[in-house]
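# Structure assessment
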Amino acid sequence: MSLQEEQIVTETAELVHEKLGSDRSGHDYQHIQRVVTMAKVIATNEADANKIDFFVVNMAAYLHDMADDKLNDDVKTAQERVREWLDQKHVPAGKQADILDIIQHMSFSDNLEHHYLLSLEGQIVQDADRLDAIGAVGIGRAFYYGGHHGDPIYDPEIKPRMHMTKEMYRSQSTVINHFQEKLLKLVDQLNTPTAKQIGAHRQKYMQDFLKEFKNEWEGNC
Ligand code: ADP
Ligand code: NI
């Protein structure tokens, strides 16, 4: 990254901190920072790391939740605000388009009904975001989200939904069902070799957790 690009990334981090710093729905600034860190790890490990635009990776990682439908009533306006920010910072049009393409199409819910082919930079940020939904942090976030939305922890009577539309994804379920409905599926959707390796470890950790949980629930240990 050039010095000027580094400066834009720093200012963007401050903007995102202002907007998401107080979020309590699981999209807080700490989540953003973990995604930025993980995206850098994945990008650096890529075989053709020299072909990756680290500015686009950093910017998309910082901005990826700024126009999310859960945090904004009006997604189009939120996207427009991101575009204005990039304009104001004199980000070249091509890079603006690259960043916006990623943040508009990388979410799990956006890929439920059709698969969108992201750029390599996009695949890296998507992997970093998905890795943050699995493993120990992912388990913590799922319970946090469930509490925030008033979902039950578990109810054996409520069965997981195996095929979901975007609308169904936003309707209520249980936290434990969320593992079957989404979290355990993410590992197969990771794009890069580094993320797949990290994902495999986190997958095993979640499976062990679920086994323990069900055992305890049934009074087996
Ligand atoms: P995306 O940004 O890909 O649309 P979300 O924003 O819906 O994904 O998910 C954000 C976090 O909240 C993730 O860690 C996810 O696992 C968790 N989460 C989303 N929906 C639920 C749910 N119904 N129950 C528990 N956790 C959830
Ligand atoms: Ni995210």
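Within each chain, residues carry numbers counting from 1 in the order of the written sequence. Working convention: letters from A go to chains and numbers from 1 go to ligands, in the order in which they are written. Whole-chain, interface and lining totals are the exception, using all residues; otherwise, since this is a predicted model, local features are given only for residues with pLDDT of at least 70 and side-chain atom pairs are given and counted only at 80 or more. Excluded from the side-chain calculation are hydrogens and water; included are all heavy atoms of the structure.

### Concerning the environment of Glu-167
Rule in force here: Elements are defined by DSSP. Helices are runs of H or I of four residues or more, strands are runs of E of two residues or more, and each kind is numbered from the N terminus. Exposed residues in this analysis have more than 50% of their type's maximum accessible area, buried residues have under 20%, and partly exposed residues fall in between, with area computed by a 1.4 Å probe over protein chains only.
For Glu-167, the position within the fold is in helix H8 (residues 166-170). Using a relative accessible area of 69% as the deciding quantity, one classes Glu-167 as exposed.

### As for the coordination of the nickel ion (ligand 2)
Which entries qualify depends on this criterion: Metal sites are built from N, O and S donor atoms within 2.8 Å, or 3.2 Å for Na, K and Ca, and they leave out water, so they may look incomplete.
Listed as protein donors to the nickel ion (ligand 2) are His-31 (NE2), His-64 (NE2) and Asp-129 (OD); their distances from the metal cover 2.1 to 2.2 Å. The motif formed by the donor residues of the nickel ion (ligand 2), counted along the single chain, is H-x32-H-x64-D. Of this pair, His-64 sits in the loop between helix H3 (54-63) and helix H4 (75-88) while Asp-129 is found in helix H6 (residues 120-131), placing the two residues 65 residues apart along the sequence. With respect to burial, His-64 and Asp-129 carry one shared label: buried.

### Focus on the site of ligand 1
Going by this rule: Consider each residue's heavy atoms; a residue with any of them within 4 Å of a molecule or strand counts as near. Here a polar contact is taken to be a pair of N or O atoms separated by no more than 3.5 Å, where protein atoms must pair a possible hydrogen donor with a possible acceptor and residues adjacent in sequence count only if both atoms sit in side chains. Methods summary: accessible areas were calculated by the Shrake-Rupley approach with a probe of 1.4 Å, and residue burial reflects only the protein chains presented. The way it works is a 1 Å grid over only the protein atoms, where trapped points that fit a 1.4 Å probe form a cavity and open points with protein on both sides within 12 Å along at least five of seven lines form a pocket, and then any residue with an atom within 4 Å of a point lines it. Each molecule is assigned to a cavity or pocket provided more than half of its atoms lie within 2 Å of the corresponding grid points.
Ligand 1 sits among 15 residues. The nearest are His-27, Lys-70, Phe-108, Tyr-169 and His-178. Arg-141 places a side-chain nitrogen or oxygen 3.3 Å from an oxygen atom of ligand 1. Within the side chain of His-178, one N or O atom sits 2.8 Å away from an oxygen atom of ligand 1. Burial of ligand 1 by the protein chains amounts to 95% of its free accessible area of 550 Å². Of the pockets mapped on this structure, ligand 1 occupies the largest pocket.

### Notes on the side chain of Gln-123
The cut-off we apply is this: When checking whether two residues touch, look at their non-hydrogen atoms; a contact exists if any pair is within 4.5 Å.
As for its position among the elements, Gln-123 is in helix H6. A polar atom in the side chain of Gln-123 sits 3.0 Å from the backbone oxygen of Leu-118. When near neighbours in sequence (up to four residues on either side) are disregarded, Gln-123 contacts Leu-117, Leu-118 and Asn-191.

### So, the packing of aromatic side chains
Applied cut-off: Here is the rule: rings of Phe, Tyr and Trp (six-membered ring for Trp) pair when centre to centre is within 6.5 Å. Planes less than 30 degrees apart are stacked, more than 60 are edge-to-face, and the remainder are tilted.
Summed over all chains, the structure comprises six aromatic pairs. Taking 5.8 Å as the distance between ring centres and 85° as the angle between the ring planes, the aromatic pair formed by Tyr-154 and Phe-213 counts as edge-to-face. In this pair, Tyr-154 sits in the loop between helix H7 (135-149) and H8 while Phe-213 sits in helix H10 (residues 193-217), placing the two residues 59 residues apart along the sequence. Phe-213 matches Tyr-154 in its accessibility class, with the two residues each being buried. Between Phe-179 and Phe-209, the aromatic rings sit 6.1 Å apart at their centres with planes inclined by 35°, giving tilted as the arrangement. Of the two residues, Phe-179 is situated in helix H9 (residues 175-181) and Phe-209 in helix H10; the sequence distance between them amounts to 30 residues.

### Let's talk about the layout of surface pockets
This is how it is decided: Grid points are joined across faces, edges and corners, and a volume is the space filled by probe spheres set on the points. Residues are grouped as follows: Ala, Val, Leu, Ile, Met, Phe, Trp, Tyr, Cys and Pro are nonpolar; Asp, Glu, Lys and Arg are charged; every other residue, Gly included, is polar.
Space inside the largest pocket adds up to approximately 870 Å³. What lines the largest pocket is a set of 43 residues, and nearest its centre among them are His-27, Lys-70, Tyr-169, Arg-170 and Lys-182. Looking at the lining of the largest pocket, the elements with two or more residues in it are H4, helix H5 (93-105), H6, H7, H8 and H9. Considering every element that reaches the lining of the largest pocket, the biggest residue donor is H7, with six residues. Among the residues forming the lining of the largest pocket, the class breakdown is 12 nonpolar, 17 polar and 14 charged. Computed from the structure, the second largest pocket encloses a volume of approximately 200 Å³. What lines the second largest pocket is Phe-108, Asn-111, Leu-112, His-115, Arg-130, Met-162, His-163, Met-164, Glu-181, Lys-185 and Gln-189. When its residues are assigned to classes, the lining of the second largest pocket shows four nonpolar, four polar and three charged.

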